Amino acid sequence: MLKVGLIGCGFMGTMHANCYKALEGVTLAAVADIRPEKAAQLADGAEIFGDGKELIEQADVDIIDICLPTYLHAEYALLAMEKVRYVFVEKPVTLTIAESELLKAKQMETGAFVQVGQVIRFWDEYVALRDIVRSGKYGKVVNANFRRISPSPDWGWNNWLHDVSLSGGAAQDLHIHDVDFVLSLFGEPKTLHSVRNTLSEKNSYVNTLMQYDDCAITVEGTWGLPASHPFEATFRVVFEKAVVENAGGKFMLYTDGGVEEIKIEKKELSAMGGTSGNISDLGGYYNELYYFTECAKNGEEIKQATLADGSASLKFLLERELG
Ligand SMILES: NC(=O)c1ccc[n+]([C@@H]2O[C@H](COP(=O)([O-])OP(=O)(O)OC[C@H]3O[C@@H](n4cnc5c(N)ncnc54)[C@H](O)[C@@H]3O)[C@@H](O)[C@H]2O)c1
């Protein structure tokens, strides 16, 4: 059994705990949160710690997963790399570029494998899109739009998400998902133009136009929508011979020959030996943690959503888009 230590039992820690409980050959062995009731809610038999550092020092675990507010990632990831060989850090990898450099230096020193929670790289529709782009079957990409728009995230402990000095704001917390995915698929653009609405952080909106040799890509993100507006994560990619669109809960292919839904096989968790339910309820989180835990079980290198990847996306965002 692979023993997991989970630090931070808030919104994302809860999602990760549910994934670990559904994964085969994996046990949630220790949980830590400074709010004891949050740790207790997820524990389900796991040892409970009142602070992440106590878990790192004392828990008997094989891997450590850090779901803390962003401004704490670096401090805890540095300690975790001293303790275990496999560390998962939620996105954005760190608050600053300097901190991500410290993590890379510590990785060189310890040989730890680190995965960053750039979960879109593992999300079914985005994985399918990547396969379609790389296959070339509909020709080159001509134009694309990636959009992530959301009401204000008001769940954070002590409202840390709304303090830009702790979270980096909507650009660093939300928009980085699509930026990271675009970089992973298309690389860095030749030129870009990025506009950030500065009315207030709560209403901030980022629009970025990236120019490549053959195509232009727009990426937009906000968490400034009213509470009644649904969260939306969509894309439309125009190829020479087709359009692939993921919007309104439908994943569609449009060609001159007609329109069809692109089917994605949704596996039942019970069929995989875990708790019952539909794997799609856990989204790409299950997929990314399946990959992470399989690498750890097999002693393999983390090659997807690596520390280098997460750090490069942060650097691109802070220096080229917002700089
Ligand atoms: N991948 C995604 O789609 C996604 C989505 C949401 C959040 N996130 C990321 O996950 C991270 C956590 O965000 P969240 O929304 O879960 O925040 P949250 O506020 O809901 O949870 C953070 C938890 O950390 C706890 N905590 C604070 N200091 C601690 C310490 N020293 N030791 C132990 N626990 C401590 C808090 O009590 C809280 O329960 C952030 O980096 C965020 O950007 C990623």
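Residues numbered from 1 in each chain as written. Predicted model: local features only at pLDDT ≥ 70, side-chain atom pairs only at ≥ 80, totals over all residues.

1. Brief notes about the domain arrangement of the chain
In step 1: The domain boundaries assigned to the chain delineate domain 1 (2-116 + 272-306) and domain 2 (121-264).
In step 2: One C-alpha centre belongs to domain 1, the other to domain 2, and the line joining them spans 25 Å.
In step 3: Contact with domain 1, which involves 15 residues of that partner, is made by 14 residues of domain 2.
In step 4: Residues of the side of domain 1 that touches domain 2, tallied by class, amount to 7 nonpolar, 6 polar and 2 charged. (Domains from an automatic or database assignment. Contact = placed C-beta atoms within 7 Å. Nonpolar A, V, L, I, M, F, W, Y, C, P; charged D, E, K, R; others polar.)

2. Looking at unusual backbone geometry
Keep in mind that most residues, glycine aside, have a negative phi and that most peptide bonds are trans.
In step 1: Between Lys91 and Pro92 the backbone carries a cis peptide bond, its omega angle lying at -20 degrees.
In step 2: Among the secondary structure elements, Pro92 is positioned in the loop between strand E5 (86-89) and helix H5 (97-110).
In step 3: Backbone geometry at Asn159 places phi at a positive 55 degrees, although glycine is not the residue there.
In step 4: Position of Asn159 among the secondary structure elements: in the loop between strand E7 (141-151) and helix H7 (164-167).
In step 5: The phi torsion at Ala305 lies on the positive side, around 50 degrees, for a residue other than glycine. (Helix = DSSP H or I, 4+ residues; strand = E, 2+ residues; numbered from the N terminus.)

3. A word on the nonpolar core
In step 1: If you look at the biggest cluster of nonpolar residues, it comprises 79 residues, and the most contacted ones within it are Ile7, Ala30, Val31, Ile66, Ala77 and Val87.
In step 2: Counting residues per element, this core draws most heavily on helix H8 (residues 169-186), which supplies 7 residues.
In step 3: Viewed by domain, this core spans two of them, domain 1 (2-116 + 272-306) and domain 2 (121-264), each represented by three or more residues. (Core = buried A, V, L, I, M, F, W, Y, C linked by C-beta atoms within 7 Å. Buried ≥ 20, exposed ≤ 12 C-beta atoms within 10 Å, placed from the backbone.)

4. Some thoughts on the environment of Ala144
In step 1: The topology assignment puts Ala144 in strand E7.
In step 2: Ala144 sits in the buried class, given 24 other C-beta atoms within 10 Å.
In step 3: Once the C-alpha coordinates of Ala144 and Arg85 are considered, the two residues, 59 residues apart in sequence, prove to be 38 Å apart.

5. Some words on the pairing of strand E6 (residues 113-116)
In step 1: Side chains of E6 alternate between two faces, with Phe113 and Gln115 and Val114 and Val116 buried alike.
In step 2: Judged from the 4 bridges that link them, E5 and E6 form a sheet pairing that is parallel. Bridge assignment links Val87 to a residue of E6, and that residue is Val114.
In step 3: On the question of chirality, the crossover connecting E5 to the parallel E6 by way of H5 is right-handed. (Pairing = 2+ DSSP bridges. Right-handed = clockwise from strand over helix to strand, strands pointing away.)

6. Some words on helix H10 (residues 307-321)
In step 1: Between its terminal C-alpha atoms H10 stretches 20 Å, which fits the 21 Å expected from 15 residues at 1.5 Å a residue.
In step 2: Residues of H10 that are buried sit in contact with H5, E6, H8, strand E8 (191-196) and strand E9 (205-211). (Expected span 1.5 Å × (residues − 1).)

7. A few points about the sheet that holds E5
Backbone hydrogen bonds hold the strands of a sheet together, and the pairing may be parallel or antiparallel.
In step 1: Taken together, the 6 strands give an open sheet; going across it, the order is E3-E2-E1-E4-E5-E6, and neighbouring strands pair in parallel fashion. Each edge of the open sheet is held by one strand with a lone partner, namely strand E3 (47-49) and E6. Here the strands of the sheet are splayed against their neighbours by 20 degrees on average, with no regard to which way each runs.
In step 2: Helix H2 (residues 36-43) rests against strand E2 (26-32) and E3 of the sheet, and its axis sits at about 170 degrees to E2.
In step 3: Each of strand E1 (2-7), strand E4 (63-66) and E5 touches helix H4 (residues 73-83); the most contacted strand, E4, lies at about 175 degrees to it. (Axes fitted to C-alpha atoms, helices over the stretch in contact; angles between N-to-C directions.)

8. Remarks on the site of the ligand
In step 1: Neighbouring the ligand are 28 residues; Gly10, Phe11, Met12, Glu90 and Trp157 lie closest to it.
In step 2: Considering each element in turn, the shell around the ligand owes the most residues, 3 residues, to helix H1 (residues 11-22).
In step 3: Residues that form the shell around the ligand fall into these classes: 14 nonpolar, 7 polar and 7 charged.
In step 4: Summarising the domain contributions, the shell around the ligand has at least three residues from each of domain 1 (2-116 + 272-306) and domain 2 (121-264). (Near = placed C-beta within 6 Å.)

9. Some points on the sheet that holds E9
In step 1: Here 8 strands make up an open sheet; going across it, the order is E8-E9-E10-E7-E11-E12-E13-E14 and the pairing mixed. The open sheet has two edge strands with one neighbour each: E8 and strand E14 (258-261). Shown here is a sheet whose adjacent strand axes are inclined to one another by a mean of 10 degrees, direction ignored.
In step 2: When E7 meets strand E10 (residues 216-225), the two strands line up parallel, connected through 8 bridges. By the bridge assignment, Pro151 is partnered in E10 with Leu225.
In step 3: Running over the sheet, H8 touches E7, E8, E9 and E10 and is turned about 160 degrees from E10.

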